[in-house]
Amino acid sequence: MEEAKDILVLQASYTNPVHAEAICHVLNGYAQDPMGGGHPLSAEVLLHLPEELAKRPHAFSVLAFVNGEPAGLVNCFEGFSTFACRPLVNIHDVAVMPEFRGLGLSQKMLQKVEDIARQRGCCKITLEVLEGNAVAQGSYAKFGFAAGMFDPAHGHMQFWIKPL
């Protein structure tokens with residue numbers, strides 16, 4: 001019989017050292033995954049990330065712990081929908097450590113993000129996902145996400161970047 005898992009999902013406090021360490025641990029694990037770019041984060045980023053997030057009042061993170069171990073992370077930023085004249089939440093990172101996959105953590109963390117978004121009066125939640133990340137796409141679709149579109153005649157929205 002499989003051992004019961006103690007799963008805790010919460011909104012992180014960037015000034016809590018346990019939460020700050022967990023954010024860096026899980027995000028660095030994600031960065032090293034092929035879907036996160038395949039390279040570890042720099043020591044500089046790991047040193048300053050929680051304090052820099054804390055400076056941004058519209059940032060929030062959701063953490064998942066399994067049996068006390070950092071297992072998952074969702075980093076979010078509040079934006080604004082001009083068409084709805086209401087805030088929105090953009091999910092910037094979703095990560096589950098490989099050893100904790102298959103426990104439904106992404107669904108639990110996304111639910112916490114949705115709860116926070118509803119408390120803030122948001123009109124929607126947005127995110128980006130790689131075309132080749134079928135596992136993540138399946139998880140997001142299961143939670144109710146779909147490719148962005150206003151009018152099918154004009155196609156799906158695309159996410160573009162310009163590095164600075």
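Our subject is the structure that appears above.
Residues numbered from 1 in each chain as written. Predicted model: local features only at pLDDT ≥ 70, side-chain atom pairs only at ≥ 80, totals over all residues. Heavy atoms only, no water.

Participant: What is the right way to read the state of the cysteines from this model?
Facilitator: Working definition of a disulfide: a covalent bond connecting the sulfur atoms of two cysteines. With the rule as written, the count across this model stands at zero disulfides. Considering cysteine sulfurs only, Cys122 is the nearest to Cys123, which forms no disulfide, with 7.0 Å between them. For Cys123, a relative accessible area of 27% corresponds to the partly exposed category. (Disulfide = S-S within 2.5 Å. Buried < 20%, exposed > 50% of the residue type's maximum accessible area, 1.4 Å probe, protein only.)

Participant: How should the pairing of strand E4 (residues 86-96) be read in this particular structure?
Facilitator: Remark: a regular strand shows side chains that alternate across the two faces of the sheet. Buried residues dominate E4, accounting for nine of its 11 residues. Here E4 runs beside strand E5 (residues 125-127); their pairing, made up of three bridges, is parallel. Bridge pairing links Ile91 to Leu127 in E5. Note that the unit made of E4, helix H3 (residues 105-119) and E5 has a crossover that is right-handed. (Helix = DSSP H or I, 4+ residues; strand = E, 2+ residues; numbered from the N terminus. Pairing = 2+ DSSP bridges. Right-handed = clockwise from strand over helix to strand, strands pointing away.)

Participant: Sorry, what's going on with a nonpolar patch on the surface here?
Facilitator: A contiguous nonpolar patch, built from Phe83, Phe150 and Met157 and spanning about 450 Å² of accessible area, is present on the exposed surface. Looking at the element boundaries, Phe150 is found in the segment after helix H4 (134-143). Phe150 gets classed as exposed once you look at its relative accessible area, which sits at 68%. (Patch = residues over 30% accessible without salt bridge, like charges linked within 9 Å, V, L, I, M, F, W, Y side chains within 5 Å. Areas by Shrake-Rupley, 256 points an atom, 1.4 Å probe, with all protein chains shown as cover. Salt bridge = Lys/Arg side-chain N within 4 Å of Asp/Glu carboxyl O.)

Participant: How should I be thinking about the side chain of Ser139 in this particular structure?
Facilitator: With respect to the helices and strands, Ser139 occurs in helix H4. Owing to a relative accessible area of 13%, Ser139 belongs among the buried residues under this scheme. In this structure Ser139 touches Ser106, Gln107 and Leu110, once residues within four positions along its chain are discounted. (Contact = heavy atoms within 4.5 Å.)

Participant: Help me out: how do you make sense of the pairing of strand E2 (residues 59-66) in this one?
Facilitator: Summarising burial for E2: eight of the eight residues are buried, a large majority. Along E2, one buried face is formed by Ala59, Ser61, Leu63 and Phe65 and the opposite face, lined by Phe60, Val62, Ala64 and Val66, is buried too. Counting the residues that bridge the hairpin from E2 to strand E3 (residues 69-81) gives two residues, and of these Asn67 lies at a positive phi of roughly 50°.

Participant: Could you clarify how one ought to interpret unusual backbone geometry in this entry?
Facilitator: Excluding glycine, a negative phi dihedral is what most residues carry, and trans is how most peptide bonds are arranged. Phi is positive for Asn67, which is not a glycine, with a value near 50°. By the element assignment, Asn67 lies in the loop between E2 and E3. Phi at Cys85 takes a positive value of approximately 55°, unusual for a residue other than glycine. Position of Cys85 among the secondary structure elements: in the loop between E3 and E4. Judged by relative accessible area, which is 56%, Cys85 ranks as exposed.

By themselves these figures say nothing about function.
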